[in-house]
Every structure is written in C-alpha cells, then in structure tokens.
Amino acid sequence: MKQVLFILIVCFAGNVLSQKKFPGKKRKIKVPTQEKTKHSAAKGTLFAYWGYNRTAYSKSNITFVGPGYSFTMKGALAHDNQSPFSFKTYFNLAKLSVPQFNARIGYNFKNHWAASIGYDHLKYIFADNNNVLLSGNITPGIDNVTGWSGVYNQAPVTTDRNTFHYENSNGLNYIRLEFSRIDQLFSFGMNKWFALSTSAGAGTGVLLSVSDFDFAGQKDMLITSLSGVGISTHAGLRFEFFRHFFLQPNISAGFMYQSRARTRREDIGAYATHHFGYVEANFTFGGLFYIKPVNGCDKCPQW
C-alpha cells in the first residue's frame, strides 16, 4: 500500500511541475501563414510601358495669325502620320522616337489606384486638297503663291500642299498626368504565370507642338512652342506574364485646345489656334516592379 501511494505522489508532482511556467521560458507557437504573391493591382507596384499609336482627329476651325493676315479655315480635316513598319525604325534605339509613340511610368499609391505621367507623341497633318470655308483678311500683295488676297467671308477654297500647308509632324506632343483604376480579373497557371487586368482612367496635360508652316512663299519648320492643353480618358486590357511583364492595348479619346502654336521662327506674333477632338488606339509593352515587398522576399504589400 505504501509503495502504491508513493508512486501516485511522484506522478502528481511531476505533472504539476511540467505545467508550471518559469520566467524566461515562454513557449512560442508558430501559426502557419498563407503567403501572398505579387499582385499588380496592389499598393506599391511600379509600372512602365512603351508603345505605338494611330490617331484620328475631328474637323476643326483653324485660325492663322501673322504679319498682314488673320484668317480662319472652317471645317479643316487632318490625319496622323505613323511611320511604315520596319525593323530598322521600330527596333533601332536611335530611331525609336520617329514613329508615333507612347511612353508612361506610374505607381500604385493605393490598392487598385495608380497615378502616372506619360508622353503621347502624336502627329497632326493638315490634309492636302482640304475643302474649307475661308474667312478673314489677307493683305493684298503678301501672298503671290496661292492668289489669296483681300477680305473673305466663308469663301469655298481647296488647298494645295505645294502652296499652303500646316502640320505638327515632329510632334503634337501630349504630356499628361493620369489617374487610373486597375483591377485584376483573373490569374491562372503554375505560380500564376498569367493574369488579365483592366485599366481605366482620365488625365490632363499640356501640348508641346513642333510646327511646320508654309504660306505666302515662306516655309518655316520645327517651330517649338508650349501651345495648349488637353483632357482625355482611356481604357485598356493588360495581359500580364510571369508577374513582371505585360502587353496592353488601349483606346483613348479626348479634347485638345491648341491655343497658340507658333508658326514663324522670327515672329512670336505668328501662330495657329484651334480646338478639336481625337481618338487614339495604341499597343504597348512594359514591366511591373514591386518596390515594397514583405519581409524582403517575393511578396506583395499586404491588402
């Protein structure tokens, strides 16, 4: 009986001692956590892209002002001027800026929301054989090429590129700040190597024009001026690969007010002014960079 009682006392004491908490001997219990992989719509994502565009313009009433003339061409048509595709142009670093291009860099300052700054290199070409209504005043004797002289009030005129021309072929450059909403629709594959996201937003910015103007026997080229402002919207689909690369076709539309595009190199009082709408389609390719990873490893910012 004494032996049984001794065994019971020893077992009870051992159990009490095993449950006693000693200072400095706290036991840490690790709770399994689910790893979060990089996510392109999350806060902390940096993106950049480059691409090329085609653009269509609405009709406009364009006014030309200079020494001895001030006239408006109502219903003027214009078109873009994308370079024909060639590897020597589109894949030559020295000639990348020759075609109509798009460049943009942005940052997701909040989950699903991004701010970006970009540069749309567009080209505006006053159409040849343009059927317009001419109004205004051209001092007699200053233009012996077109034969235009005197006062006009919506007179029908068909232009000839050899005697009259205006363009921004070296750039109707739209430099703008844009805010976008980005949503990832789905992802699949091992390590989610493919994802599809949407991007939609609006922006505003300035127009940097490089003008060529041929009138009254005088041709001036590459006249650069900060000529106006623009507002625009865009929508696009982003096809993401391996969480770091993407292809993104976009469609955008907007309104541009070219308030004072200089047309003569030696005369700051000579300019063109008009406003017009535009629609642009572009195709871009770019990269995603996750600059705020969790624990310094391959994680995205916590949602």
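Look up: the structure comes first, before these words.
Remember, it's a predicted structure, so these values are computed and weren't measured experimentally. (Residues numbered from 1 in each chain as written. Predicted model: local features only at pLDDT ≥ 70, side-chain atom pairs only at ≥ 80, totals over all residues. Heavy atoms only, no water.)

Next up on the list: the overall build of the protein chain. Helix and strand counts for the protein chain stand at 2 helices and 13 strands. The buried share of the protein chain, taken over its 303 residues, is 43%. Taking contacts inside the protein chain between residues at least 6 apart in sequence as the whole, the part at least 24 apart equals 69%. With the model as given, the accessible surface of the protein chain reaches about 17000 Å², and the carbon-plus-sulfur share is 63%. (Helix = DSSP H or I, 4+ residues; strand = E, 2+ residues; numbered from the N terminus. Buried < 20%, exposed > 50% of the residue type's maximum accessible area, 1.4 Å probe, protein only. Contact = heavy atoms within 4.5 Å. Areas by Shrake-Rupley, 256 points an atom, 1.4 Å probe, with all protein chains shown as cover.)

Locating Phe213 in the fold gives a position in strand 10 (residues 194-215). Take Phe213: its relative accessible area is 1%, and that puts it in the buried class. The spatial distance from the C-alpha of Phe213 to the C-alpha of Ala272 is 9.5 Å, given a sequence separation of 59 residues. Apart from residues lying up to four places away in sequence, Phe213 is in contact with Phe64, Tyr69, Phe164, His165, Tyr166, Gln218, Lys219, Asp220, Thr263 and Arg264.

The subject of this paragraph is unusual backbone geometry. The bulk of non-glycine residues show a negative phi, and the bulk of peptide bonds are trans. Phi at Leu222 is positive, roughly 60°, even though this residue is not glycine. Assignment of secondary structure puts Leu222 in strand 11 (residues 218-241). With relative accessibility at 45%, the residue Leu222 sits in the partly exposed group. You will see that Arg243, though not glycine, has its phi angle at about 65°, which is positive. Its location among the elements puts Arg243 in the loop between strand 11 and strand 12 (245-264). Residue Arg243 is classed as buried on the basis of its relative accessible area of 15%.

Another aspect to go through is the packing of aromatic side chains. Counting across every chain of the model gives 32 aromatic pairs. On the basis of an interplanar angle of 75° and a centroid distance of 5.5 Å, the ring pair of Phe64 and Tyr166 is categorised as edge-to-face. Placement of Phe64 in strand 2 (residues 60-66) and of Tyr166 in strand 9 (residues 165-188) is noted, with a sequence separation of 102 residues between them. A single burial state applies to Phe64 and to Tyr166, both of which are buried. (Phe/Tyr/Trp six-rings, centres within 6.5 Å; stacked < 30°, edge-to-face > 60°.)

This next bit is on the pattern of salt bridges. Inspection of the entire model under this criterion finds 7 salt bridges. Connected through shared salt-bridge partners, Asp120, Arg176 and Glu178 make up one network. (Salt bridge = Lys/Arg side-chain N within 4 Å of Asp/Glu carboxyl O.)

Quick look at the nonpolar core now. Among the nonpolar cores identified, the biggest contains 30 residues, and Phe64, Phe71, Met73, Trp148, Phe164 and Tyr166 are the most heavily contacted of them. If you look at the next biggest cluster of nonpolar residues, it comprises 8 residues, including Ala41, Ala114, Leu288 and Tyr290. (Core = buried A, V, L, I, M, F, W, Y, C linked by side-chain atoms within 4.5 Å.)

Bringing the side chain of His121 into the picture now. In this fold, His121 is placed in strand 6 (residues 113-126). Judged by relative accessible area, which is 5%, His121 ranks as buried. Side chain to side chain, His121 and Asn173 meet in a polar contact 2.6 Å long. With residues up to four places along the chain from it excluded, the contact list for His121 reads Asn53, Ser97, Val98, Pro99, Gln100, Phe101, Asn170, Gly171, Leu172 and Asn173. (Polar contact = N/O pair within 3.5 Å; in protein donor to acceptor, adjacent residues only side chain to side chain.)

Time to look at the environment of Asp128. Mapping Asp128 onto the fold places it in the loop between strand 6 and strand 7 (131-138). Overall, Asp128 belongs to the partly exposed group, its relative accessible area being 37%. Each C-alpha atom of the pair Asp128 and Asp160 lies 6.0 Å from the other, and the pair is 32 residues apart in sequence. For Asp128, the contacting residues outside a window of four places in its chain are Thr159, Asp160 and Arg161.

The subject of this paragraph is the pairing of strand 9. The pairing of strand 6 with strand 9 spans 12 bridges and is antiparallel. Considered in strand 9, the bridge of Asp120 is made with Tyr174. Between strand 9 and the antiparallel strand that follows it, strand 10, lie 5 residues; Gly189 among them carries a positive phi value of about 95°. (Pairing = 2+ DSSP bridges.)

We now examine the side chain of Ser83. Secondary-structure assignment places Ser83 in the loop between strand 4 (78-79) and helix 2 (87-90). Judged by relative accessible area, Ser83 falls into the buried class, the value being 15%. Here Ser83 is in contact with Tyr90, Val98, Pro99 and Lys123, once residues within four sequence places are set aside.

What follows concerns the environment of Lys219. Tracing the sequence through the fold places Lys219 in strand 11. As for Lys219 and Tyr166, which are separated by 53 residues in sequence, their C-alpha atoms are 9.7 Å apart. Every residue in contact with Lys219, bar those within four places of it in the chain, is listed here: Phe213, Asp214 and Arg264.

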